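# Examination of the molecular architecture
Given next are the chains, with one letter for each unit.
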Amino acid sequence: MIRGALLGIIWMLYCVCKSFQQETTFVYNGFDQGDRIHLQGGARILPKKDVLQLTNATTTQIGRAFFKQPIEFNPSEPISFSTHFVCALVRVTEVSSHGMAFFVSHSTDFVGAEPSRYFGLFNANESASTLAVELDISKALDVLDINDNHVGIDVNRAVSVQSANASYYSDKEGRKIDMKLVSGQPIQVWVDYEGTTLNVSLSPLKNQKPSRPLLSSTSINLTEIVQGRRMFVGFSGSTGSGVVNQYVLGWSFSKSMASLQKIDVSKLPKAPYPSNKNKYTSLVYDILLGLLAFLVLGLFFGAYMYRRNLYIECRRWITSLHKAHRITGPNPASRIDLVGSVVKPIGLTLEYF
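Just so it is clear, the structure is predicted and the values come from calculations on it, not from any experiment.

How each quantity is defined
Residues numbered from 1 in each chain as written. Predicted model: local features only at pLDDT ≥ 70, side-chain atom pairs only at ≥ 80, totals over all residues. Heavy atoms only, no water. Helix = DSSP H or I, 4+ residues; strand = E, 2+ residues; numbered from the N terminus. Buried < 20%, exposed > 50% of the residue type's maximum accessible area, 1.4 Å probe, protein only. Contact = heavy atoms within 4.5 Å. Areas by Shrake-Rupley, 256 points an atom, 1.4 Å probe, with all protein chains shown as cover. Salt bridge = Lys/Arg side-chain N within 4 Å of Asp/Glu carboxyl O. Polar contact = N/O pair within 3.5 Å; in protein donor to acceptor, adjacent residues only side chain to side chain. Phe/Tyr/Trp six-rings, centres within 6.5 Å; stacked < 30°, edge-to-face > 60°. Pairing = 2+ DSSP bridges. pLDDT = per-residue confidence, 0-100. Patch = residues over 30% accessible without salt bridge, like charges linked within 9 Å, V, L, I, M, F, W, Y side chains within 5 Å. Core = buried A, V, L, I, M, F, W, Y, C linked by side-chain atoms within 4.5 Å.

Counting its regular elements, the chain contains three helices and 20 strands. Evaluated residue by residue, the chain yields a buried proportion of 42% over its 353 residues. For the chain, long-range pairs separated by at least 24 residues make up 64% of all intrachain contacts whose partners lie at least 6 apart in sequence. When the accessible area of the chain is evaluated, it comes to approximately 20200 Å², of which 58% is carbon and sulfur surface.

In this structure the tally under the stated criterion is four salt bridges. The partner of E77 in a salt bridge is K255, with the nearest N and O atoms 3.2 Å apart. One end of the pair, E77, is in the loop between strand 6 (71–72) and strand 7 (80–91); the other, K255, is in the loop between strand 18 (244–254) and helix 3 (276–324), and 178 residues separate them in sequence. Of the charged contacts, one joins D264 and K267 as a salt bridge, the two residues approaching to 3.9 Å between their closest N and O atoms. For D264, a relative accessible area of 27% gives the class partly exposed.

Here we take up the environment of Q185. Relative to the helices and strands, Q185 is located in the loop between strand 13 (175–178) and strand 14 (187–194). A relative accessible area of 47% means that Q185 is categorised as partly exposed. Residues Q185 and K270 lie 85 residues apart in sequence; the distance between their C-alpha atoms is 9.3 Å.

Moving on: the side chain of R64. As for its placement among the helices and strands, R64 is situated in strand 5 (residues 62–67). A distance of 2.8 Å separates a polar side-chain atom of R64 from the backbone oxygen of G120. Setting aside residues up to four positions removed in sequence, R64 forms contacts with H38, L39, Q40, A43, F110, A113, G120, L121, F235 and S236.

A word on the packing of aromatic side chains. A full pass over the atoms with the stated rule returns 14 aromatic pairs. Between F26 and F67 the ring centres are 4.1 Å apart and the planes differ by 15 degrees, which places this aromatic pair in the stacked class. Placement of the pair is F26 in strand 1 (residues 26–29) and F67 in strand 5, with a sequence separation of 41 residues. You'll find F26 and F67 in the same group, each marked buried. Each ring, one from Y28 and one from F31, has its centre 5.2 Å from the other, and the planes form 20 degrees; the classification is stacked. Of the two residues, Y28 and F31, neither departs from the other in class, the shared state being buried.

Turning our eyes to something else, we now look at the pairing of strand 5. Burial analysis of strand 5 places six of its six residues in the buried class, which makes it a mostly covered element. Of the two faces of strand 5, both are covered, the one formed by I62, R64 and F66 as well as the one formed by G63, A65 and F67. Relative to strand 5, strand 2 (residues 37–41) runs antiparallel, the two being bridged by five bridges. Note that in strand 5 the partner of I37 across the bridge is F67.

Confidence along the chain averages 83 in pLDDT terms, with 80% of residues attaining 70 or more. This stretch, residues 277–282, has a pLDDT under 50; its non-local contacts, to residues over four places away or in other chains, come to zero contacts. Note on residues 333–353: pLDDT is under 50 here. Beyond four places in sequence and across chains, it has 30 contacts.

Next up on the list: unusual backbone geometry. The residue F119 is not glycine, and still its phi comes out positive at about 65 degrees. Along the chain, F119 falls in the loop between strand 8 (100–105) and strand 9 (130–136). If you check the backbone angles, L144 has positive phi at about 60 degrees while not being a glycine.

The topology assignment puts T218 in the loop between strand 16 (215–217) and helix 2 (222–226). Overall, the relative accessible area of 57% leaves T218 in the exposed class. For the pair formed by T218 and E194, sequence separation is 24 residues and the distance between their alpha carbons is 9.4 Å. Residue contacts for T218: discarding those within four places in its chain leaves T196 and T197.

A separate point is a nonpolar patch on the surface. Taken together, the side chains of L289, L292, L295, V296, L299 and F300 present a nonpolar region at the surface, about 620 Å² in accessible area. With respect to the element layout, L299 can be found in helix 3. Taking relative accessible area as the criterion, L299 reaches 58% and is therefore assigned exposed.

With that settled, consider the side chain of S201. Assignment of secondary structure puts S201 in strand 15 (residues 197–204). What makes S201 buried here is its relative accessible area of 4%.

Turning next to the nonpolar core. Core analysis: the biggest nonpolar cluster contains 52 residues, and L202 and W251 have the highest contact counts within it. In this view, L202 contacts V151, A166, S167, Y168, M179, L181, I187, Q188, V189, W190, P210 and L214; residues no more than four positions away in its chain are not counted.

In structure tokens form, the structure reads like this:
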């Protein structure tokens, strides 16, 4: 009987551990079932498109999305994680905007985070208990950005401890190939952490994970950053004065690289683009406005030319009339210039030639 009770306890512990493992290992091939994703600010899951959008077409906005269940490590577990996500940055306005970031944080509360920059995670003065991998498309001199197309590792603030121009290592060509982050094309990102080493890799959608990471930092103490063994994971973005739509198309996460589930890229939704209909309507409106302005200017010019020609004809007629007549009077003061508009015939004698 005691043996049976022990077997029952062991089975219960196994089920609990199995359930916990399932909660901390997940994969989304699109977000048609995003019930375990918590949304903040402007973040939303687009209906019928199954795409996670962090910010909409609004300036100075923050949008965040994170897994509802906190990732917890018991004292005997090593602190590690692996994540793989597919995102797309689609430009809406020509004004420079901001990118997005994957983050690991001790909390879901980012009080004081600036909506105009810093990905909605940091501000200029305070330190946040957050590790972030940024995909940055603006160059901010105050945080020492290297350019307007880079990837960086941020620890508690927006100044990156490491950064590099967006690129990936091609095993086929044996070299790095540059990537444009705000191209609108899907980008794969891998973030792997174990011990104190954090590796970040990028590649286009159809490529495999590169054998060499783009960034590698060996001095990341995650428990110190998040102040414990309990953390939240997710994505954040902000718009600033310009607008770029930040989309997440798929996401996989696990406590270890070995158990990380693969994203099925064939099942991923497409990144929406700004409506061409709106662009066409705006173009037609601009053309019609231009034609109306041209017509009004033409009418004013025509009226001016008509009055000018009428004035010239009147001057010619009066001048010819003046030459054809000679006006005399009893004294010089009575002589009248017919170029004027008034004739006072007082004691005048009009002689015709």
